[in-house]
Amino acid sequence: MSHPDELRKQVERQVRRMKKAEREKPTLLGQTVYIGTLGLLFVLPMVGGAYLGQWLDSLASAYSSRWTVSLILVGVMIGALNVYLFIRE
């Protein structure tokens, strides 16, 4: 196969990809759902960690917020990992 034929095929493939991307533009609703999903992926582990930490702290006889703070931080890390993996996919 000659060089001009390869170049022509590459250009045609790129044109098809550009037209497909133009047809499949994300809508406002689609973008809103995507951002909402990212928010939930980040916030839910944090809230779950807060509730679990509060429950564990309530089991202690003295006032303690050690578990709550620790599990909120763990929730932030898990939430950030969730968002990263979701975006990467």
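Residues numbered from 1 in each chain as written. Predicted model: local features only at pLDDT ≥ 70, side-chain atom pairs only at ≥ 80, totals over all residues. Heavy atoms only, no water.

## Remarks on the side chain of Asp57
Definition in use: The secondary structure listing takes helices from DSSP runs of H or I that are at least 4 residues long and strands from runs of E that are at least 2 residues long, numbered from the N terminus. Exposure is judged per residue with a 1.4 Å probe applied to protein chains only, and the accessible area is read against the type maximum: over 50% gives exposed, under 20% gives buried, and values in between give partly exposed. Here the positive residues are Lys and Arg and the negative ones are Asp and Glu; neither His nor the chain ends is included. In the sections that follow, a salt bridge refers to a side-chain nitrogen of Lys or Arg positioned within 4 Å of a carboxyl oxygen of Asp or Glu. What qualifies as a polar contact is a pair of N or O atoms within 3.5 Å, subject to a donor-acceptor requirement within protein and to the restriction that residues adjacent in sequence count only when both atoms come from side chains. Residue contacts are counted whenever heavy atoms from the two residues lie within 4.5 Å of one another.
Among the structural elements, Asp57 can be located in helix 2 (residues 28-59). Within the buried core, Asp57 has no salt-bridge partner, and the shortest N-O distance to an opposite charge, that of Arg66, equals 6.3 Å. Polar side-chain contacts of Asp57 include one of 3.2 Å to the backbone nitrogen of Trp67. If we skip the residues at most four places from it in the chain, Asp57 touches Ser64, Ser65, Arg66, Trp67 and Thr68.

## Examining the pattern of salt bridges
With the rule as written, the count across this model stands at 2 salt bridges. For the salt bridge of Asp5 with Arg8, the shortest nitrogen-to-oxygen distance reads 3.8 Å. Remark: Arg8 and Asp5 occur in helix 1 (residues 3-23); sequence separation between them is 3 residues, near one turn of the helix. You can call Asp5 partly exposed: its relative accessible area is 30%. The salt bridge partner of Arg8 is Glu12, with a shortest N-O separation of 3.4 Å. Highlighted residues: Arg8 and Glu12, both in helix 1, separated by 4 residues, approximately one helical turn. Looking at Arg8, the relative accessible area reads 43%, which means it is partly exposed. Several salt bridges converge on common partners, so that one network encompasses Asp5, Arg8 and Glu12.

## Description of helix 3 (residues 66-88)
The condition that has to hold: Helix span, expected: 1.5 Å multiplied by one less than the number of residues in the helix.
Its 23 residues give helix 3 an end-to-end C-alpha distance of 33 Å, which sits within 8% of 33 Å, the value for a rise of 1.5 Å per residue. Against helix 2 lie the buried residues of helix 3.

## Here's the deal with the packing of helix 2 against helix 3
A pair of packed helices is characterised by two quantities: the angle between their axes and the separation of those axes. The criterion, for reference: Angles here are taken between N-to-C directions and fall from 0 to 180 degrees, while the axes themselves are lines fitted to C-alpha atoms, restricted in helices to the stretch in contact. Orientation is classified from the angle alone, with under 35 degrees giving roughly parallel, over 145 giving roughly antiparallel, 65 to 115 giving roughly perpendicular, and any other angle giving oblique. Crossings are sorted by hand: turned counterclockwise from the far helix by less than a right angle, the near helix makes the crossing left-handed, and turned clockwise it makes it right-handed. In this classification, the charged set is Asp, Glu, Lys and Arg, the nonpolar set is Ala, Val, Leu, Ile, Met, Phe, Trp, Tyr, Cys and Pro, and all remaining amino acids, among them Gly, are polar.
Across the interface, helix 2 lies against helix 3 with an axial gap of 7 Å and an inter-helix angle of 160°. In terms of their interaxial angle, helix 2 and helix 3 are classed as roughly antiparallel. For the pair helix 2 and helix 3, the crossing hand works out as right-handed. Grouping the amino acids of the contact of helix 2 with helix 3 by side-chain chemistry returns 18 nonpolar, 8 polar and 2 charged.

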